[in-house]
Structures are given as C-alpha cells and as structure tokens.
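Read off the chains here:
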Amino acid sequence: MINSVGLVIFDCDGVLVDSEPIAIRVHVALGAEHGWPLTPAEVIERFVGRSSTSIAEQIAERVGADTAAEWTRGFERLHRIEVDTALSPVEGIEYAVDTLAELGLPTCVASSGSHDKMAHTLGRTGLYDRFAGRIFSASEVAHGKPAPDVFLHAAARMGVAPERCVVVEDSVNGLLAARAAGMRSFAYASDLIAPHLLEGPNTTVFKSMRDLPALVTDSGRPPTTPSA
C-alpha cells in the first residue's frame, strides 16, 4: 500500500491515445507484405508496449536488417496517415487527467514511443498541452520496457521517489516495467488484452478511465487499523 502518492505516470499508446489498434493493423499488413505473417494477437504479444528499437530488432531477426528497415519506414508512414485520420483520445482520459490535476496530483508521461511520435499523437488528440515539459521516452534510457528504466528516469526527473509513484499502463510489458521499478500499477483493460493477463503484484485492473482518479486517491490513503 502506498501511503502518499506523489506522481502519476501515464503510458501513452493505449492509455492516453487509442493508437494501439492502429499500430496492430499496420504491423499485420506490413508482416503480410514482408514475409512474416502475424495475427493481431501475435503483434500484441511481441510488439505492444515495446520500444521501436526492440520491435525493429525482432523484425530484423526474422526477415533481415534491410527488410526490417523497409518495414520500419512503412510503419512510420502508414501509422502517421492513420493517426491523422482515425486517432482519438482514450474514452474518459480528459476527465481523468483533469480531475487528477484538480486534486493536486502531479502527472507525467513515460512511453516506449519516441518524442516525435508522442508529439504527433498527443497533439492530434489535444492532450499535448496537458503534459508539455513532462513527457519522457524510452529513447532517453538504456533499456526499454519491460526494463524499469523509463519509469525510474521519469520519477528522477520529476523529483519523486519511485515508491511514491503510480503507473497507468495497458500492456504486459509496461506492467512488468512498473513492477520492476517498485511502483504500484493501474492496468487499463481495453478490449485488446484479456484482463487476467494484466493481473499481478501491486496492480489494480480497471475498465474505465473515469474510475482512475478515485482509484489513485484510494491507493494513497494510509491503511486503516481495525478497531478493537
């Protein structure tokens, strides 16, 4: 139990912006084109929550470096087109972020995505200004998720001890990173991943972003002592 929450760290894709279905569709299409047929479930298992570097390394191991580079270029182009035409914020996220701000709880973003990608997706959905100056990328650290580096980096930059941070995530790799960082997790269960796969130590699984502020504030209350 966390006695005092000092920072709420949000993942970006799938938590702030509903971009995971776009990324999955694009990877499935590119896999079929470049000789590595992938199902949506396989893309979720292998790629979701990981950095672009980690994804490119997996692709290169399967189809070679040249094809992986072509795949990456295709992904960036197609992903950008779909973001510009189909991306929306995660349902209820504006309410959650604004309510946390009203409660005086600091927030930031720590994502596997690049700064350019986050500027684009958060900008297209009107969320960028809510986090400007408090956005951290796995490109700034040695190891991406499921390593804890990006969450520990965000906590250090925000001046908050890891044990006073909570993480809002939607992927197994992100939750593993939060647990490795010693941070409590709130796992947003979208329709992409079965909720039971998100369960684990110091993790609360939830379905609606509108529930998040109450869950976070409840986690910050000292445990009550039963009366005699």
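The rules we used
- Counting of residues starts from 1 at the beginning of each chain's written sequence and follows it residue by residue.
- Restriction of local features to residues with pLDDT of at least 70 applies here, the model being predicted, together with a cutoff of 80 or more for giving and counting side-chain atom pairs; totals for whole chains, interfaces and linings are based on all residues.
- Side-chain measures were taken over the full set of non-hydrogen atoms in the model, leaving aside hydrogen atoms and water.
- In DSSP terms, a helix is any run of H or I states spanning at least four residues, a strand is any run of E spanning at least two, and both are numbered starting from the N terminus.
- Multiply 1.5 Å by the residue count of a helix minus one, and that product is the helix's expected span.
- The criterion used for residue contact is that any of the two residues' heavy atoms lie within 4.5 Å.
- A residue's pLDDT is the predictor's confidence in that residue, given on a scale from 0 to 100.
- A 1.4 Å probe rolled over the protein chains alone gives each residue an accessible area, and that area as a share of the maximum for its type sets the label: buried under 20%, exposed over 50%, partly exposed in between.
- The salt bridge criterion pairs a side-chain nitrogen of Lys or Arg with a carboxyl oxygen of Asp or Glu, the two atoms within 4 Å.
- For two strands to pair, DSSP has to find at least two bridges joining them.
- For helices, the fitted axis covers only the stretch in contact; all axes are lines through C-alpha atoms, and the angles between them, taken along N-to-C directions, range from 0 to 180 degrees.
- Note that the term roughly parallel is reserved for angles under 35 degrees, roughly antiparallel for angles over 145, roughly perpendicular for angles of 65 to 115, and oblique for everything else.
- The hand of a helix crossing depends on one turn: near helix anticlockwise from the far one by less than a right angle means left-handed, and clockwise means right-handed.
- Each residue gets one of three labels, nonpolar for Ala, Val, Leu, Ile, Met, Phe, Trp, Tyr, Cys and Pro, charged for Asp, Glu, Lys and Arg, and polar for the others, Gly among them.

Undergrad: Outline helix H4 (residues 65–86), supporting the account with residue identities and numerical values.
TA: For H4, with 22 residues, the first-to-last C-alpha span of 30 Å sits near the 32 Å given by 1.5 Å per residue. Where H4 is buried, its residues meet helix H1 (20–33), helix H3 (52–63) and helix H6 (115–124).

Undergrad: So what about the side chain of Asp13? Which residues, and what values?
TA: Here Asp13 shows up in the loop between strand S1 (7–10) and H1. Residues within four places of Asp13 in sequence aside, it is in contact with Ser19, Glu20, Ser111, Lys117 and Asp170.

Undergrad: Describe the confidence of the model for the chain, with residues and values.
TA: Confidence along the chain averages 92 in pLDDT terms, with 95% of residues attaining 70 or more. In the predicted structure, residues 223–228 sits below a pLDDT of 50 and forms two contacts with residues beyond four places in sequence or in another chain.

Undergrad: Give me the lowdown on helix H8 (residues 149–158), citing residues and values where you can.
TA: Along H8, the residues classified as buried are Val150, Phe151, His153, Ala154 and Ala155. Its buried side turned inward, H8 meets S1, strand S2 (107–111), strand S3 (135–137), strand S4 (165–169) and helix H9 (172–180). Within two residues after H8, Gly159 carries a phi angle of roughly 75°, on the positive side.

Undergrad: With reference to specific residues and values, describe the side chain of Ser19.
TA: Within the secondary structure layout, Ser19 lies in the loop between S1 and H1. Non-local contacts of Ser19, meaning those with residues more than four positions away in its chain, are made with Asp13, Gly14 and Leu87.

Undergrad: Provide a residue-level description of the pattern of salt bridges, including the pertinent values.
TA: Counted according to the given criterion, the structure contains seven salt bridges. A salt bridge links Arg25 to Glu82, with the shortest nitrogen-to-oxygen separation between them at 2.5 Å. One end of the pair, Arg25, is in helix H1; the other, Glu82, is in helix H4, and 57 residues separate them in sequence. A residue is classified by how much of its surface remains accessible, and Arg25, at 43% relative accessible area, is partly exposed.

Undergrad: Give a detailed account of the pairing of strand S5 (residues 184–188), specifying residues and quantitative values.
TA: Here is the key point about a regular strand: its side chains alternate between the two faces of the sheet. For S5, the tally of buried residues reaches four of five residues, placing the bulk of the element in the interior. Bridge analysis of S4 against S5 gives four bridges, and the strand direction is parallel. Each bridged residue has a counterpart across the sheet, and for Val166 the counterpart in S5 is Arg184. One ladder, built from four bridges, connects S5 with strand S6 (residues 203–206); its direction is parallel. Pairing of Phe186 across the sheet is with Thr204, part of S6.

Undergrad: Requested: an account of the packing of H1 against H4, with residues and values cited.
TA: In a packed pair of helices, the relevant descriptors are the angle between the two axes and the axis-to-axis distance. At a minimum axis separation of 9 Å, H1 and H4 run at an interaxial angle of 140°. Of the possible angle classes, the one that applies to H1 and H4 is oblique. As H1 packs across H4, the resulting crossing turns out to be right-handed. Listed contacts from H4 to Ile22, Ala23, Arg25, Val26, His27, Leu30 and Gly31 of H1 are Trp71, Gly74, Phe75, Leu78, His79, Glu82, Val83 and Ala86. The residue makeup of the contact of H1 with H4, split by class, is nine nonpolar, four polar and two charged.

Undergrad: For the packing of helix H5 (residues 93–102) against helix H11 (residues 212–219), give the residues involved together with the corresponding values.
TA: For the pair H5 and H11, the least separation of the axes is 8 Å and the interaxial angle reads 40°. As the angle between them shows, H5 and H11 are arranged oblique. Touching Tyr95, Ala96, Thr99 and Leu100 of H5 are Leu212, Pro213 and Val216, all from H11.

Undergrad: Before we move on, could you go through the environment of Phe10 and cite the residues and values that matter?
TA: With respect to the helices, strands and loops of the structure, Phe10 is situated in strand S1. Accessibility expressed as a relative area gives 0% for Phe10, which makes it buried. With 19 residues separating them in the primary sequence, Phe10 and Ala29 have C-alpha atoms 29 Å apart. Contact partners of Phe10, with chain neighbours within four places excluded, come to Val15, Leu16, Ile93, Val97, Leu100, Thr107, Cys108, Val109, Ala110, Phe131, Val168 and Leu212.

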